[in-house]
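Observations on the three-dimensional arrangement
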Amino acid sequence: QVRTEDGYCLIVEQVSHHPPITALHCESDKWMFWEEYKLDIKFRGQWVRIQPNGLVHFKTKADGHHYSWNKPHTTVHNLIIGQYWADHEGEVTIQSHQTGDQAFVDWIPYSKAKDRYRELNGEVVDSNGSVIYQLIGEWDKGMKRYNEDGSDEFTLWTAHEPIPDNERQYGFTLFSMTLNEEDSSTLVG
């Protein structure tokens, strides 16, 4: 999909259905983003667990900084009866290929955290393993970075407000919804 109004070009292909394997490449004049991953799926009647295996990559064009990371596992509950809800778990490791610095972010499952299951906690360490920053946030709200002593708060990202009636739209964001819009430049006939 070419989205010139947004300044990037996106190509996504499901290269295998059994097992599900996806490849993605997205590029603008300032950055590149790509990933390839295989999904391991476990279905247990009332829930499904999705385990992505593969890495996500992001590279800036101006200075060549390259980062890669893995994804947490996701469980969707109440598939047959009740309100759907998602639970993420696992450790996400973000690697800087230039400096060797790493960030470790823990996604705590509901079974261990109950009301705090959306919380994200982590730390950034330098190539020697020394802690540089603490990371605190919620996966559906945003994340902040603090110095080791808790000072110098910096907002890393903030989630967009959900679209109206998003429960009926599978919890998709406005961006996710636009990916399914027809694009006359790709239609045949």
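Here is a short report on the structure shown in this document. Residue indices begin from 1 for each chain and proceed along its sequence in written order. In view of the model being predicted, local features appear only for residues whose pLDDT reaches at least 70, and side-chain atom pairs are presented and counted only at 80 or more, with totals across whole chains, interfaces and linings using the full set of residues. Values shown for side chains rest on all heavy atoms present in the structure; no hydrogens or waters enter the calculation.

Let us now look at the pairing of strand S13 (residues 154-158). Any two strands with at least two DSSP-identified bridges between them are counted as paired. Only runs of H or I of at least four residues qualify as helices and only runs of E of at least two qualify as strands under DSSP, and these elements are numbered from the N terminus. Where strand S12 (residues 142-147) lies against S13, four bridges are found, and the strand directions are antiparallel. Bridge assignment links Lys 144 to a residue of S13, and that residue is Thr 155.

Here we come to the nonpolar core. Counting residues in hydrophobic clusters, the biggest one holds eight residues: Val 92, Ala 103, Val 105, Trp 107, Leu 120, Val 124, Leu 135 and Met 143. Considering each element in turn, this core owes the most residues, three residues, to strand S9 (residues 102-107). Throughout, a contact is declared for two residues whenever any of their heavy atoms are within 4.5 Å. Discounting residues that sit within four places of it in the chain, Ala 103 has contacts with Val 92, Thr 93, Ile 94, Glu 123, Val 124 and Leu 135. Within this scheme, the nonpolar core is defined by two criteria: the residues are buried Ala, Val, Leu, Ile, Met, Phe, Trp, Tyr or Cys, and they are joined through side-chain atoms within 4.5 Å. For every residue, the accessible area obtained with a 1.4 Å probe (protein chains only) is divided by the maximum for its type, and the residue is called buried under 20%, exposed over 50%, and partly exposed between those limits.

On the secondary structure map, Glu 89 appears in strand S8 (residues 85-96). Of the residues examined, Glu 89 reaches a relative accessible area of 23% and is grouped as partly exposed. Sequence-wise, Glu 89 and Gly 54 are 35 residues apart; in three dimensions their C-alpha atoms are separated by 16 Å. In this structure, Glu 89 is in contact with Arg 49, Pro 72, His 73, Trp 107 and Pro 109, ignoring residues within four places of it in sequence.

On to the environment of Lys 61. Position of Lys 61 relative to the elements: it lies in the loop between strand S5 (47-60) and strand S6 (66-69). Of the residues examined, Lys 61 reaches a relative accessible area of 37% and is grouped as partly exposed. Expressed as a C-alpha distance, the spacing of Lys 61 and Asp 29, which sit 32 residues apart in the sequence, is 7.5 Å. When sequence neighbours within four positions are dropped, the list of residues in contact with Lys 61 reads Glu 27, Ser 28, Asp 29, Lys 30, Trp 31 and Met 32. Reaching out from Lys 61, the side chain makes a polar contact with the backbone oxygen of Ser 28 at a distance of 2.8 Å. Here a polar contact means two N or O atoms within 3.5 Å. Within protein one must be a hydrogen donor candidate and the other an acceptor candidate, and residues neighboring in sequence count only if both atoms are side-chain atoms.

Here we take up unusual backbone geometry. Following His 18, the chain continues to Pro 19 via a peptide bond in cis, the omega torsion being 0°. Mapping Pro 19 onto the fold places it in the loop between strand S2 (8-17) and strand S3 (20-28). Its identity as a non-glycine residue notwithstanding, Asn 78 has a phi of 60°, on the positive side. Examined against the element boundaries, Asn 78 turns out to sit in the loop between strand S7 (73-77) and S8. Of note in this structure, Asp 152 is not a glycine but carries a positive phi near 55°. Looking at the element boundaries, Asp 152 is found in the loop between S12 and S13.

What follows is about the pattern of salt bridges. When a carboxyl oxygen of Asp or Glu lies within 4 Å of a side-chain nitrogen of Lys or Arg, that pair is called a salt bridge. Tallied over the entire structure, the rule returns nine salt bridges. Here Lys 61 and Glu 27 are joined by a salt bridge, their closest N and O atoms 2.6 Å apart. Of this pair, Lys 61 sits in the loop between S5 and S6 while Glu 27 sits in strand S3; the two residues are 34 residues apart in sequence, bridging distant segments of the chain. Of the residues examined, Glu 27 reaches a relative accessible area of 30% and is grouped as partly exposed. Two residues, Glu 35 and Lys 71, come together in a salt bridge whose shortest N-O distance is 2.8 Å. One end of the pair, Glu 35, is in strand S4 (residues 31-43); the other, Lys 71, is in the loop between S6 and S7, and 36 residues separate them in sequence. A cluster of three or more residues bridged by salt bridges with shared partners is formed by Arg 118, Asp 140 and Lys 141.

Criterion for a disulfide: a pair of cysteine sulfur atoms within 2.5 Å. Going through the model one piece at a time under the given rule, you end up with zero disulfides. As a non-bridged cysteine, Cys 9 has Cys 26 as the owner of its nearest cysteine sulfur, 7.5 Å distant. Look at Cys 9 and you get partly exposed, because its relative accessible area is 30%.

By themselves, these observations are geometric and do not establish any function.
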